[in-house]
Amino acid sequence: MCGICGVYNYGVRGRITASIIERMRDTMVHRGPDGAGWMLYDAGQNKAVTHRSAAAEAEKVDATIGFGHRRLSIIDLSEAGAQPMSNEDGTVWITYNGEIYNHPELCDELKAAGHVYHSRSDTETIIHAYEEWGDECVHHLEGMFGFGLYDVQRRRLLLVRDRIGIKPLYYSFLPGRVLFASEIKAILEFPDVTRDIDQAALYHYLTFITTPAPLTLFKGIFKLPPGHLMTVENSGAVRVKQWWDLAKVIARREPVREEGYYIENIRHLLSESIRTHMMSDVPFGVFLSGGIDSSMNVALMSRHTPTVRTFSIAFKDQPKFDEFQFARQIAKEFATDHHEVVIDEKDLIDFIPQMVFHQDEPIADWVCVPLYYVSKLARDNNTIVVQVGEGSDEQFSGYDNYINMLHNYRDYWAPYMRLPRAARWLLLQAATALSPHSFRVRRRLGYLRKAVQNQFPFWGGAIAFLDEDKKPLLKTADNEIRYPLPVPDEAELDAALGYDVVQDSKKMSSYDFIAAFLRRLELAGEKNDPLKKIIYIEFKQRLCELLLMRVDKITMATSVESRVPFLDHKLVEFAMSIPSEVKVKGLTPKYILKKACEGIIPDNIIYRKKVGFGAPVQEWFSGRLGDEIEQGIMNSRLRTRGLLNYDYIQQLVDKHRSGAGNYTWQLWILFNLSRWYDLWIEKERI
């Protein structure tokens, strides 16, 4: 795992110097404390110089392109694996972040085709794969990756993000120039980049608690969507292409098989994925909660190594979040080298400034706090690589809210949708006039309201403010809403979703992102299955831009590489072929995965109630943490921008602190936004 950055001057004069690349690169020392490098290439002289060159030689280069790299040494710890790296004749250069798990097999195949290796690194495998297959090389790579590759002969930059979005890749266009990096902070170091908030991204952040790709909260800085590549030609022509999409996988029609078929294949594919994800020349381990996913990681990993290192976390005086007894049970069962840490409210508060720094843009999920401390525990115990369970709940339907949504879809939304739209509207008006107070009635109203608006009822597993909820939050003193939201046309929508370089989503509602995902799923051939729609929405937004980004950014904050074996694309593609009625039976989530786990881990682990990785933010809100959150929001410099209604926010704070309502989630999201703005836009210490 590493940190990468680059600058390509395709249509502007102006030197790219080693010092500029080093400044960008060294904002990410935490991503690569083991080494650093840079490369400058001068198209006029057809000459490249690197960090190994003399300073005087670098000064003579009028660079067209520059690459930077911070190295966390995992595979081939020798200098031969250092980056940026080129092929034998210097016609292909790469700076790369990630792991290619089928690297050994690809290496053998490419050697047989005549390619000569000078290292044991998977970086070199990507170079030779590009030489062999061009852009189509991405289809041969199995793993997690984000990379920039420059083809000297074609004078073209290629940027790639892996299928599911396990690794990040950000970019920004300036006149005649493109910048890219693993983290936004590297792009911000380039002299001509200005800092400001993207108001359209802010609008969508308030719904999804992170920004949907390709947007970021920084105006003019974007993220490449998962399964996409971008090419930038010397002429300035830019092309964005989606090279992998789960929609095509979901829409396949497979015959329904016996349960044993699915169980056998899940076991085989997961075991193989965990085995290949153990590829490492440094110590590795597992984050162990004692839940089904982390326990399977331990059980299957123990088949390939004498001792598994495991790491668990709990909160002081918070038994609701304490899963140590289950983690200890698995640690004892598989004789692991087990480590634990307990944190408290002070630890959470102390971590906030680092959290805001390492996130780059808000990822308003308080799981980032325990994730940091358990990552630090691993690093302090000389463990550089860890496996985590992200992705299992999404593909196998492991969340209670998925189950609830399926039942509510059947009981409320689908019947409402069978009525004429005018009848739905009249029913909504009548029901609203009754001023319902019960949760059950309010829930029905929510489904009826979405039916009136022709909206699919599921927007994601972590939704804060729906479009209608943002109206009082975004109202100005003259009672006008700042964000008019007409439905965009197809071209505008495609642009906002990253299928074109033009970025214009200022007129989009947040639901338009969901609608676009569903349209792509329908175009692929899947129109009716609500669970498949739920899973696709999650893979396109929450999984990649929230869950995987929190794992990437927070583990890398401690210089630990995280790996996600449940998201091996072969396992994901097989899981998507499993009929929904096999994944969920009655009220049993993850049914078929649980059956596959039987006999491998104890039944009490498999069938215990899911707790979920969390933090006691609500429980600590009445103390110092609540004061920090309130002051962080109300005293932020963001207030001077006039973007939010602070009278309304104060009402939420007062209601929450008086016990009249629970707004922990909403206030945490606003707190993260405020702290981000003060640090990254106003450059204040927080």
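Just so we're clear, the structure is a prediction, and the values are computed from it rather than from any experiment.

Some words on the environment of M355
Mapped onto the fold, M355 is located in helix α11 (residues 345–359). When the C-alpha positions of M355 and I554 are compared, they lie 7.6 Å apart, and in sequence the two are 199 residues distant. The residues touching M355, leaving out its near neighbours within four places in the chain, are C368, V369, W668 and N672.

Digging into the pattern of salt bridges
For the structure on display, the rule yields 48 salt bridges. Across the pair R31 and D552 runs a salt bridge, and its minimum N-O distance is 3.0 Å. Placement of the pair is R31 in the loop between α1 (18–25) and β2 (35–42) and D552 in helix α21 (residues 542–557), with a sequence separation of 521 residues. Judged by relative accessible area, which is 0%, R31 ranks as buried. E394 is paired through a salt bridge with R542; the nearest N and O atoms lie 3.3 Å apart. On the criterion of sequence distance, the pair formed by E394 in helix α13 (residues 392–396) and R542 in helix α21 is long-range, its members being 148 residues apart. Connected through shared salt-bridge partners, R31, K167, E183, K185, D360 and D552 make up one network.

Focus: the pairing of strand β1 (residues 2–9)
A regular strand places its side chains on the two faces of the sheet in alternate fashion. For β1, the tally of buried residues reaches eight of eight residues, placing the bulk of the element in the interior. Relative to strand β4 (residues 65–71), β1 is paired through seven bridges, and the arrangement is antiparallel. Across the sheet, residue Y8 finds its bridge partner in β4, namely I65.

Overview of the packing of aromatic side chains
For the coordinates displayed, the defined rule picks out 31 aromatic pairs. With 5.8 Å between their ring centres and 75° between their planes, F315 and F321 make a pair best called edge-to-face. Per residue, the accessibility class of F315 equals that of F321, and both read buried. A ring pair is formed by F357 and W680, whose centres lie 5.8 Å apart and whose planes are at 20°; its orientation type is stacked. Taken as a pair, F357 in helix α11 and W680 in helix α29 (residues 664–681) lie far apart in primary sequence, 323 residues in all.

A short note on the nonpolar core
In terms of nonpolar packing, the biggest core is built from 237 residues, with F147, I601, L644 and W676 touching the most fellow members. Residues in contact with I601, not counting those within four places in the same chain, are I292, S295, M296, A299, F334 and I606.

Considering the sheet that holds strand β18 (residues 561–563)
Sheet strands pair by backbone hydrogen bonding; their relative direction is either parallel or antiparallel. Strand order across the open sheet formed by five strands is β16-β15-β14-β17-β18, with parallel pairing between neighbours. Because the sheet does not close on itself, it has two edges, and the strands there are β16 (337–343) and β18. Here the average twist between neighbouring strands, direction ignored, is 30°. Pairing geometry for strand β14 (residues 284–287) and strand β15 (residues 309–315), over three bridges, is parallel. Looking across to β15, one finds that V286 is bridged to T310. Docked against the sheet, helix α12 (residues 368–380) engages β14, β15, β16 and β17 (385–387), running at close to 140° with respect to β15.

Conventions used here
Residues numbered from 1 in each chain as written. Predicted model: local features only at pLDDT ≥ 70, side-chain atom pairs only at ≥ 80, totals over all residues. Heavy atoms only, no water. Helix = DSSP H or I, 4+ residues; strand = E, 2+ residues; numbered from the N terminus. Contact = heavy atoms within 4.5 Å. Salt bridge = Lys/Arg side-chain N within 4 Å of Asp/Glu carboxyl O. Buried < 20%, exposed > 50% of the residue type's maximum accessible area, 1.4 Å probe, protein only. Pairing = 2+ DSSP bridges. Phe/Tyr/Trp six-rings, centres within 6.5 Å; stacked < 30°, edge-to-face > 60°. Core = buried A, V, L, I, M, F, W, Y, C linked by side-chain atoms within 4.5 Å. Axes fitted to C-alpha atoms, helices over the stretch in contact; angles between N-to-C directions.

Geometric descriptors of this kind do not, in isolation, establish any biological role.
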